[in-house]
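# Observations on chain architecture
The residues making up each chain are set out below.
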Amino acid sequence: MVAWLAAGRTPRRAESSGGVARGRGPPATGGLGWTIDVEDLTHRAEEALYTAVGLGILGFQHLQVRRRELARSLEDIVRQVTDPRPGAGPSR
């Protein structure tokens, strides 16, 4: 309901005549008597799922970048330790 209010929408009371919510079919009423638009709810759930999947993909990509940075850093450290030349450091 907070998202509805943030979007400038307000919940509506169920009409006693069984009115139609936004002309999409008969509304379902919750325990408090608020009209629930099932199609709108389905759409919002679908969008939330897409958002969650997108955030998961971005998180995975971020971890891959961190893994590559760590591998590169460890390679530099191993190169420093195993290089017999004095003062040989990482070559970047």
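Residues numbered from 1 in each chain as written. Predicted model: local features only at pLDDT ≥ 70, side-chain atom pairs only at ≥ 80, totals over all residues. Heavy atoms only, no water.

## Notes on the overall build of the protein
Counting its secondary structure elements, the protein contains two helices and two strands. The order of α-helices and β-strands along the protein, N terminus first, is α-β-β-α. A total of 92 residues make up the protein; the buried ones form 8% of that total. Taking all contacts inside the protein whose residues are at least 6 apart in sequence as the whole, residues at least 24 apart take part in 13%. Of the roughly 7,600 Å² of accessible surface on the protein, 61% is carried by carbon and sulfur atoms. (Helix = DSSP H or I, 4+ residues; strand = E, 2+ residues; numbered from the N terminus. Buried < 20%, exposed > 50% of the residue type's maximum accessible area, 1.4 Å probe, protein only. Contact = heavy atoms within 4.5 Å. Areas by Shrake-Rupley, 256 points an atom, 1.4 Å probe, with all protein chains shown as cover.)

## What about the pattern of salt bridges?
Overall, the coordinates contain two salt bridges when judged by the stated rule. Arg-44 is paired through a salt bridge with Asp-40; the nearest N and O atoms lie 3.1 Å apart. On the criterion of helical spacing, the pair formed by Arg-44 and Asp-40 is a turn pair, its members being four residues apart in helix 2 (residues 38-82). Across the salt bridge formed by Asp-76 and Arg-79, the nearest N and O atoms sit 2.9 Å from each other. Of this pair, Asp-76 and Arg-79 are both found in helix 2, three residues apart, which corresponds to roughly one turn of the helix. (Salt bridge = Lys/Arg side-chain N within 4 Å of Asp/Glu carboxyl O.)

## Some words on a nonpolar patch on the surface
Taken together, the side chains of Leu-70, Leu-74, Ile-77 and Val-81 present a nonpolar region at the surface, about 400 Å² in accessible area. Taking the relative accessible area as the measure of exposure, Val-81 reaches 67% and is therefore exposed. (Patch = residues over 30% accessible without salt bridge, like charges linked within 9 Å, V, L, I, M, F, W, Y side chains within 5 Å.)

## Quick word on the confidence of the model for the protein
Of the residues in the protein, 59% have a pLDDT of 70 or more, and the chain-wide mean is 77. Confidence, read as mean pLDDT per element, is least for helix 1 (residues 2-6) in the protein (53) and greatest for helix 2 (96). Across residues 14-21 the pLDDT falls below 50, and counting only partners more than four positions away or on other chains, this stretch makes ten contacts in the model. (pLDDT = per-residue confidence, 0-100.)

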